[in-house]
Amino acid sequence: MPTPKLIHYHAPKTRSFGTRWLFEELGSPPHELKILNMKKGEHKSPEFLAINPMGKVPTITADGVPVSEVGAIAIFLADLFPEANLAPGLSDPARGTYLRWIVFNHGDVEPAVMDKARNIQPGALPPSALCYGSYDDTVNALVSAVRNGPYILGERFSAADVVLGGAIRWLRLFKLLPDRQEFASYVERITARPAFKRALEKDEALAQAMAS
């Protein structure tokens, strides 16, 4: 089957950086980059809201079909370009671990961290009633995902590292995760990758151009 026409709706210095990094790791397959100026509210335009009603980036379209959310985009693109070897195949035993930690980022890490940052208390609810249980449990689970490395799947880098690694890097920048050596070492490894450096250089140049 032919590769669909891909459009990446992007804004610099947002979660969309992870998708830009992923495209670099995939070998920069053909795609169109559409920049949204969030200061001008372009992400809330009727045209973009028709694609993503949340008005958020990253969003991609594949032959016009929208895919949003960092994890879903990563799973979709890594499977679309299997030659990049960023996703275990359906019969690969590592597939479950790969999917587990991509979903864990959205289902556990972000809710736990944001609730703590906003000082939202569970009240009378037991930890079992929350998707993430407790902040400490979430942090400890996150440590377990990256401590044995160098990557989440051991020696094999995957799109799960783009998703979870990108989140850990961002959360550490804003002091939203405890200062654990496991996190520091993991972020050092992933940000040393040439694809990460290329994506960061491009995003920094874009941000500067938009600011001028």
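Above this text you will find the structure in question.
Described in the following lines is the structure provided in the data block. (Residues numbered from 1 in each chain as written. Predicted model: local features only at pLDDT ≥ 70, side-chain atom pairs only at ≥ 80, totals over all residues. Heavy atoms only, no water.)

**Thoughts on the overall build of the protein chain**
Heads up, the rule is: Each helix corresponds to a stretch of at least 4 residues labelled H or I by DSSP, and each strand to a stretch of at least 2 residues labelled E; elements are numbered beginning at the N terminus. Values of the radius of gyration come from C-alpha atoms, whereas the globule rule sets the reference at 2.2 Å times the count of residues to the power 0.38. Using a 1.4 Å probe on the protein chains alone, a residue whose accessible area is under 20% of its type maximum counts as buried, one over 50% counts as exposed, and one in between counts as partly exposed. For this analysis, residues touch if any pair of their heavy atoms sits within 4.5 Å. For every accessible area listed, the method is Shrake-Rupley and the probe measures 1.4 Å; residues are considered covered only by the protein chains on display. For the purpose of charge, His is not counted, nor are the chain termini; Lys and Arg are scored as positive and Asp and Glu as negative. A charge is said to be at NZ when it belongs to Lys, at CZ for Arg, at CG for Asp and at CD for Glu.
The secondary structure content of the protein chain amounts to eight helices and four strands. Secondary structure elements of the protein chain, listed N to C terminal, follow the sequence β-α-β-α-β-β-α-α-α-α-α-α. For the protein chain, whose C-alpha radius of gyration is 17 Å, the value lies close to the compact-globule estimate of 17 Å for 212 residues. Every one of the 212 residues in the protein chain was classed for burial, and the buried ones make up 44%. A sequence separation of at least 24 residues applies to 66% of the contacts in the protein chain between residues at least 6 apart. Carbon and sulfur atoms make up 56% of the accessible area of the protein chain, which amounts to about 11100 Å² in all. One way to put it: in the protein chain the 24 positive side-chain charges average out to a point 4 Å from where the 23 negative ones average out.

**Topic: the packing of helix 1 (residues 17-25) against helix 6 (residues 159-173)**
Defined as follows: Here the axes come from fitting lines to C-alpha atoms, over the contacting stretch only for helices, and the angles between their N-to-C directions go from 0 to 180 degrees. Left-handed is the label given to a crossing in which the near helix is rotated counterclockwise from the far helix by less than a right angle, and right-handed is the label when the rotation is clockwise. Residues are grouped as follows: Ala, Val, Leu, Ile, Met, Phe, Trp, Tyr, Cys and Pro are nonpolar; Asp, Glu, Lys and Arg are charged; all remaining types, including Gly, are polar.
Where helix 1 contacts helix 6, the two axes come as close as 10 Å, and the packing angle between them is 145 degrees. Classified by chirality, the crossing of helix 6 by helix 1 is right-handed. On helix 6, the residues touching F17, G18, W21, L22 and E25 of helix 1 are A159, D161, V162, G166 and R169. When grouped by side-chain class, the residues that make up the contact of helix 1 with helix 6 number five nonpolar, two polar and three charged.

**Structural notes on the pairing of strand 4 (residues 65-68)**
Defined as follows: Strand pairing is assigned whenever DSSP identifies at least 2 bridges connecting the two strands.
Sheet topology note: the strand 3 (residues 59-62)/strand 4 ladder contains four bridges and is antiparallel. Following the sheet pairing, T59 is matched in strand 4 by S68. Between strand 3 and strand 4, which pair antiparallel and follow one another directly, the connecting turn spans two residues, one of which, D63, has a positive phi of 50 degrees.

**Some words on the side chain of S45**
To be explicit about the condition: Polar contacts, as counted here, are pairs of nitrogen or oxygen atoms within 3.5 Å of one another; within protein the pair requires one atom able to donate a hydrogen and one able to accept it, and residues that are adjacent in sequence qualify only if both atoms are side-chain atoms.
Counting through the fold element by element, S45 comes out in the loop between strand 2 (32-35) and helix 2 (46-49). At a separation of 3.0 Å, a polar atom in the side chain of S45 contacts the main-chain carbonyl oxygen of E42.

**A look at the pattern of salt bridges**
As a reminder, the rule being used: Any Lys or Arg side-chain nitrogen located within 4 Å of an Asp or Glu carboxyl oxygen qualifies as a salt bridge.
By the definition in use, this model includes 11 salt bridges. Residue K13 is joined to E204 by a salt bridge in which the shortest nitrogen-to-oxygen separation is 3.2 Å. You can see K13 sitting in the loop between strand 1 (6-10) and helix 1 and its partner E204 sitting in helix 8 (residues 194-211), a full 191 residues away along the chain. Overall, K13 belongs to the exposed group, its relative accessible area being 59%. E204 sits in the partly exposed class, given a relative accessible area of 32%. Sharing partners across several salt bridges, the network here consists of E24, R198 and K202.

**Points about the sheet that holds strand 2**
Ordered in space as 2-1-3-4, the four strands form an open sheet in which the pairing is mixed. Whereas interior strands pair on both sides, the edge strands pair on one side only; in this sheet they are strand 2 and strand 4. This sheet shows a mean twist of 25 degrees between the axes of neighbouring strands, independent of strand direction. Pairing of strand 1 with strand 3 involves four bridges; the strand directions are antiparallel. Pairing of H8 across the sheet is with I60, part of strand 3. Of the strands in this sheet, strand 1, strand 2 and strand 3 are in contact with helix 1, which crosses strand 1 at around 145 degrees. In this fold helix 3 (residues 70-80) packs onto strand 1, strand 3 and strand 4, with an angle of close to 120 degrees to the strand it touches most, strand 4.

**Observations regarding the packing of helix 5 (residues 135-146) against helix 7 (residues 181-191)**
Rules: Any angle that is under 35 degrees is reported as roughly parallel, and any over 145 degrees as roughly antiparallel; angles of 65 to 115 degrees are reported as roughly perpendicular and all others as oblique.
Packing of helix 5 against helix 7 leaves a shortest axis separation of 10 Å and a crossing angle of 45 degrees. The angle between helix 5 and helix 7 falls in the class oblique. As for how helix 5 packs across helix 7, the hand of that crossing is left-handed. Along the contact surface, helix 5 presents V139, L142, V143 and V146, while helix 7 presents E182, F183, Y186 and R189.

**A look at the pairing of strand 2**
Quick reminder of the rule: A right-handed crossover is one whose linking path, passing over the helix from the first strand to the second, runs clockwise when the strands point away from the viewer.
Pairing of strand 1 with strand 2, which is carried by four bridges, proceeds in the parallel orientation. Residue I7 lies in a different strand from strand 2, and its bridge partner there is E32. In this view, the connection linking strand 1 to its parallel neighbour strand 2 by way of helix 1 has right-handed handedness.

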